[in-house]
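Notes for the structure review
The chain contents come next:
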Amino acid sequence: MIPPSNLIVSLKGTGVATVELNRPLKRNALSQDLIDELTKALRQLDRSPTVRAVILTSSGVAPFCAGADLKELAEVTTAVAYRMSWLKSLDDALTGFQKPIIAAVQGYAFGGGFELALMCDMIVASEDAQFGFPEIKLGTIPGIGGTQRLTKTIGKQKAMQLILTGTPTTAGEMERLGVVSCIAPVGHRVLDRAMVVAQTIASFSSPAIALAKQAVKAAETTTLRAGLELERALYYSSFSLADCQEGIAAFLEKRPVEFRHQ
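Rules behind the numbers
Residues numbered from 1 in each chain as written. Predicted model: local features only at pLDDT ≥ 70, side-chain atom pairs only at ≥ 80, totals over all residues. Heavy atoms only, no water. Pairing = 2+ DSSP bridges. Helix = DSSP H or I, 4+ residues; strand = E, 2+ residues; numbered from the N terminus. Contact = heavy atoms within 4.5 Å. Axes fitted to C-alpha atoms, helices over the stretch in contact; angles between N-to-C directions. Salt bridge = Lys/Arg side-chain N within 4 Å of Asp/Glu carboxyl O. Buried < 20%, exposed > 50% of the residue type's maximum accessible area, 1.4 Å probe, protein only. Lys, Arg positive; Asp, Glu negative; His and termini not counted. Polar contact = N/O pair within 3.5 Å; in protein donor to acceptor, adjacent residues only side chain to side chain. Arc of directions from axis to C-beta.

This brings us to the sheet that holds strand 8 (residues 169-170). Two orientations exist for strands paired in a sheet by backbone hydrogen bonds: parallel and antiparallel. Strand order in the open sheet formed by three strands is 5-7-8, and the pairing between neighbours is mixed. In the strand order of this sheet, the two ends are held by strand 5 (108-110) and strand 8, each with one partner. Pairing between strand 7 (residues 130-132) and strand 8: two bridges, direction antiparallel. Across the sheet, Q130 pairs through a bridge with T170, a residue of strand 8. Across the sheet, helix 5 (residues 112-119) touches strand 5 and strand 7, and the angle it forms with strand 5 is around 100 degrees.

Here is the structure:
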């Protein structure tokens, strides 16, 4: 018997792909099999010429992700973790993904699930969604960038509170702190809200979107001066895009733009 896939990948609308975590009985906990399938799917989507934006979400009414699969984690020693670079492939797949990726979070995103959402470019959440890092209650800490990405977004004091107490927080609070991009009200599907954002992005020039994403991401890892220099170089390089020439011509000629993603 062929086991069910841990992922559901499909095309939704023009230029948008959805990737649904599909381990509902395990609350979409991050098993190695799920991680392997997800990293493989992301590599394929990044190479696809027809996909211009991706939504990462959970299937059906399942919560987004409960974090690491604790049964597997119980078997991982320090030596094993270093030897296999535990969870590094997931971090590499998300941080190296060149197209915009939006996390559509329903239910909750805890531990590694919260980190998975933080690795995405935007987070759209249901109004009743919860976020948190409960690792401290298990005698460990976030290990896929949670301490770093959350602190860079909301500052040391609040990050310390959430990580050191393990207390979950609401989508509304995460939106106020700048972690969540927008909220889908109760009664509205978070996937529908994320789809509006994704289709808007996919309607623009994909090379220009890629340049913009590269510039914004650089702000996380470089100084202001280095970031400004990179932005200027990317800005100048956009002038050679056929889409840039088309966009300017369409504006001057007062006609609809027709991007060809070149």
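Here the narrative resumes.
Under the definition given, this model contains nine salt bridges. The closest approach of N and O atoms between K158 and E173, which form a salt bridge, is 3.5 Å. You can see K158 sitting in helix 7 (residues 156-165) and its partner E173 sitting in helix 8 (residues 171-176), a full 15 residues away along the chain. Under the relative-accessibility criterion, K158 is labelled partly exposed at 22%. Residue E173 is classed as buried on the basis of its relative accessible area, which comes to 18%. Within this structure, K158, E173 and R176 form a network of salt bridges that share partners.

What follows deals with the sheet that holds strand 4 (residues 101-105). With respect to topology, six strands assemble into an open sheet ordered 1-2-3-4-6-9, the strand pairing being mixed. Each edge of the sheet is formed by a strand with only one pairing partner; in this case those strands are strand 1 (7-11) and strand 9 (182-184). When strand polarity is set aside, the average angle formed by the axes of neighbouring strands in this sheet is 20 degrees. Sheet topology note: the strand 2 (residues 16-21)/strand 3 (residues 53-58) ladder contains six bridges and is parallel. By the bridge assignment, T18 is partnered in strand 3 with I55.

What follows deals with the side chain of K99. Among the secondary structure elements, K99 is positioned in the loop between helix 4 (88-95) and strand 4. The buried charged residue K99 lacks any salt bridge, with D46 as its nearest oppositely charged partner at 5.0 Å. Within the structure, K99 has its side chain in polar contact with the backbone oxygen of D46 (distance 3.3 Å). Apart from the residues within four sequence positions on either side, K99 is in contact with L45, D46, R47, S48, V51, R52, D121 and K213.

This brings us to helix 6 (residues 146-154). Those residues of helix 6 that fall on the buried side of the exposure criterion are G146, R149, L150 and I154. Angularly, the buried residues of helix 6 cover 105 degrees about the axis, an arc narrow enough to put them on a single face. Of the exposed residues in helix 6, the ones pointing more than 90 degrees away from its buried face are Q148 and K152. Buried residues along helix 6 sit against helix 4, helix 5 and helix 7. Phi turns positive one or two residues past the end of helix 6, at G155, with a value near 95 degrees.

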